[in-house]
Amino acid sequence: MNIPSNLKYTKDHEWILLEGEIATVGITDFAQKELGDIVYVEVETLDQTLDKDEVFGTVEAVKTVSDLFLPMAGEIVEFNDSLESDPELVNSDPYGKGWMIKVKVTDPSDYNELLSSEAYKELIGA
């Protein structure tokens with residue numbers, strides 16, 4: 001299981017990479033394996049400002065649909081358009097080409113409250 005140490009994680013299985021005031025968000029390798037083959041990613045919150053833990057979109061797999069929760073409050077400034085035609089990038093490269101959104105964060109200090117890779121491994125029993 002791939003759990004990069006340079007990222008932070010949530011109990012809802014999102015990962016986040018903060019670079020300045022812009023955070024990139026996706027779902028973890030664990031989450032994509034649990035979901036199975038991803039067939040659609042929907043984000044209708046582009047250009048909206050959301051609170052931490054609000055639903056920013058959904059991911060649809062063959063077996064189920066799951067909500068996506070925002071790890072840090074901020075404005076959704078970008079959606080990974082590649083996922084519209086190629087949603088399986090979330091399965092094949094969850095931490096790279098399978099990223100979902102970019103967020104201009106409201107409070108960068110929220111980053112310190114997220115799970116480290118070690119804490120996330122403990123959460124999922126890896």
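So, a few notes on the structure that sits alongside this text. Once a new chain begins, its residue numbering starts again from 1 and follows that chain's sequence as written. Confidence filtering applies because this is a predicted model: local features only for residues at pLDDT of at least 70, side-chain atom pairs given and counted only at 80 or more, and all residues used for totals across whole chains, interfaces and linings. Side-chain metrics rest on all non-hydrogen atoms present in the structure, leaving aside hydrogens and water.

Brief notes about the overall build of the protein chain
Part 1 of the reasoning: Numbering goes from the N terminus for both helices and strands, where a helix is a DSSP run of H or I of at least four residues and a strand is a run of E of at least two. A tally of helices and strands in the protein chain yields 4 helices and 9 strands.
Part 2 of the reasoning: Along the protein chain, helices and strands appear, N-terminal first, in the series β-β-β-α-β-β-β-β-β-α-α-β-α.
Part 3 of the reasoning: Taken over the C-alpha trace, the protein chain has a radius of gyration of 13 Å; the compact-globule value for 126 residues is 14 Å, and the two agree within 12%.
Part 4 of the reasoning: A principal-axis box enclosing the C-alpha atoms of the protein chain has dimensions of 35 × 35 × 20 Å.
Part 5 of the reasoning: To sort residues, take the accessible area from a 1.4 Å probe on protein chains only and compare it with the maximum for the residue type: under 20% means buried, over 50% means exposed, and anything in between is partly exposed. Expressed as a percentage of the 126 residues in the protein chain, the buried residues total 48%.
Part 6 of the reasoning: Any pair of residues with heavy atoms lying within 4.5 Å of one another is described as a contacting pair. Long-range pairs, those at least 24 residues apart, make up 61% of the contacts in the protein chain between residues at least 6 apart in sequence.
Part 7 of the reasoning: Within this scheme the basic residues Lys and Arg register as positive and the acidic residues Asp and Glu register as negative, but His and the chain ends are omitted. The location of each charge is read from NZ of Lys, CZ of Arg, CG of Asp or CD of Glu. Each charge class in the protein chain was averaged separately, 9 positive and 27 negative side chains, and the resulting centres sit 7 Å apart. We take the radius of gyration over the C-alpha atoms and set the globule estimate at 2.2 Å times the residue count to the 0.38 power.

Some thoughts on helix H4 (residues 117–124)
Part 1 of the reasoning: Listing the buried residues of H4 in full gives Ser117, Tyr120 and Ile124. Along H4, the residues classed as buried sweep out an arc of 60° about the axis, all on the same side. Pointing more than 90 degrees away from the buried face of H4 are the exposed residues Glu118 and Glu122.
Part 2 of the reasoning: Turning to H4, the residues buried within the fold contact strand E1 (8–9) and helix H1 (29–35). The arc in question is formed by the directions pointing from the helix axis toward the C-beta atoms.

Some thoughts on unusual backbone geometry
Part 1 of the reasoning: For His13, which is not glycine, the phi torsion reads 75° and is therefore positive.
Part 2 of the reasoning: Residue position: His13 is located in the loop between E1 and strand E2 (14–19).
Part 3 of the reasoning: Its identity as a non-glycine residue notwithstanding, Asp47 has a phi of 70°, on the positive side.
Part 4 of the reasoning: With a relative accessible area of 55%, Asp47 lands in the exposed category.

Observations concerning the environment of Tyr120
Part 1 of the reasoning: Among the secondary structure elements, Tyr120 is positioned in helix H4.
Part 2 of the reasoning: Residue Tyr120 is classed as buried on the basis of its relative accessible area, which comes to 0%.
Part 3 of the reasoning: Residues Tyr120 and Lys8, spaced 112 residues apart in sequence, show a C-alpha to C-alpha distance of 8.4 Å.
Part 4 of the reasoning: Filtering out sequence-adjacent residues up to four positions away, Tyr120 remains in contact with Ile3, Tyr9, Thr10, His13, Thr28, Phe30 and Leu115.

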